[in-house]
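Residue-level structure breakdown
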Amino acid sequence: MAALIDSDLPDLKLISKGKVRDIYSTSSPDHLLFVASDRISAYDVILKNGIPDKGKLLTQISLFWFQKLGDIIPNHFVTANVDEMPAEIHKYKDQLEGRAMLVKKAEVVPLEAIVRGYMAGSAWSEYKKSGTVHSIPMPEGLLEGQQLPQPIFTPSTKAEQGAHDENISPEQAAKIVGQELYDQISTAALKLYTTASQHARARGVILADTKFEFGLIPSSDGSDKKQLILIDELLTPDSSRYWPVDGYKVGGAQPSFDKQYLRDWLVRSGFKKGLESGPLGKEGQGWVIDEDIVQGTRERYAEAVNLLTK
């Protein structure tokens, strides 16, 4: 099974190529075509080979969450049925089936909206040094992997591809987007996380943390005020830290259904922060994932999708 590293839609205009998604304009002035490739990135570097069918798994789980959480906040999803998309897309059905979405155009809000329910990742790194998470004071004595007293909203900057997002304080985030919009985003993000984490826990999965992205579209009431919506992917193993309930133990790193498995392999193989621009980084030939790591990563993604979308 070959991985789709790059979409090939020569009659469509490619307007953006991200770490995973290729975004095309369409004949509809209000819509874009999102194509989820099988590319995978870690530490802001796109690996040279991908994970077969990863884009289809990401699309499947995003569609599930868009539908399940649609009563909390509207989202950009229009259709995943290629036959219902603009006519110029139909000829690429074989390539796009299962990995494409037609979405509403939106003005992207320049924040990564991260919600954390457990002490892990960069939050744990900061806490060990300063007792804070995104400059938010936290209780003393927390352990790696421990559930927080309550979920917290921890924004970061939205960096250009290949650059690092920067963790920022809530106060800094509010200065970037304005207090009113910040309050809307933080309220929606916390509610989305809480609802999703309850669903996941009931299926034997811990949602440790996740990242949301938001956009603005014209208001449906015709006023000048813009409407906030969810955009991009939603609660996928690329944007979330998922742990199995079985085997969960406070006090260290957890087994996971996300790409932590791949990150761990990269570290064992010699990757270190700061090597992104080296001969194997984003400006070089690229890191090639060992075949057993490709298969293991795919299996973890597939298991997460199967458990969560029951």
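Given the structure is predicted, the values throughout are model-derived calculations rather than measurements.

1. A look at the pairing of strand S1 (residues 14-17)
Bridge count for S1 against strand S2 (residues 21-25) is three bridges, and the pairing is antiparallel. Residue pairing across strands places Lys17 opposite Asp22, the latter belonging to S2. Adjacent in sequence and paired antiparallel, S1 and S2 are bridged by three residues.

2. Some details on helix H4 (residues 170-177)
Those residues of H4 lying buried are Pro170, Ala173, Ala174 and Val177. Here the buried residues of H4 occupy an arc of 100° about the axis, which is enough to place them on one side. Residues of H4 that are exposed and point more than 90 degrees away from the buried face comprise Glu171 and Lys175.

3. Details of the packing of H4 against helix H5 (residues 179-201)
At a minimum axis distance of 7 Å, the contact between H4 and H5 shows a crossing angle of 120°. Between H4 and H5, the angle falls in the class oblique. As for the relative orientation of H4 and H5, their crossing is right-handed in sense. On H5, the residues touching Pro170, Ala173, Ala174 and Val177 of H4 are Gln179, Leu181 and Tyr182.

4. Some words on helix H3 (residues 121-130)
Restricting attention to buried positions, one finds in H3 the residues Ala123, Trp124, Glu126 and Tyr127. Buried positions in H3, seen along its axis, are confined to an arc of 165° and lie on one side of it. Exposed residues lying more than 90 degrees from the buried face of H3 are Lys128 and Lys129. Of the surrounding elements, those touching the buried residues of H3 are strand S9 (111-118) and strand S10 (132-133).

5. Concerning the nonpolar core
Nonpolar side chains in soluble globular proteins generally cluster together in the buried interior. Within the largest apolar cluster, 67 residues are counted, with the highest numbers of intra-cluster contacts made by Trp65, Val109, Phe212, Phe214, Leu235 and Ile289. Those residues in contact with Ile289, other than ones at most four positions away along the chain, are Ile40, Leu47, Asn49, Ile51, Leu262, Trp265 and Val294. Of all hydrophobic cores here, the second largest spans 12 residues; its members include Leu33, Val35, Tyr92 and Leu96.

Rules behind the numbers
Residues numbered from 1 in each chain as written. Predicted model: local features only at pLDDT ≥ 70, side-chain atom pairs only at ≥ 80, totals over all residues. Heavy atoms only, no water. Pairing = 2+ DSSP bridges. Helix = DSSP H or I, 4+ residues; strand = E, 2+ residues; numbered from the N terminus. Buried < 20%, exposed > 50% of the residue type's maximum accessible area, 1.4 Å probe, protein only. Arc of directions from axis to C-beta. Axes fitted to C-alpha atoms, helices over the stretch in contact; angles between N-to-C directions. Parallel < 35°, antiparallel > 145°, perpendicular 65-115°, else oblique. Left-handed = near helix turned anticlockwise from the far one by under 90°. Contact = heavy atoms within 4.5 Å. Core = buried A, V, L, I, M, F, W, Y, C linked by side-chain atoms within 4.5 Å.

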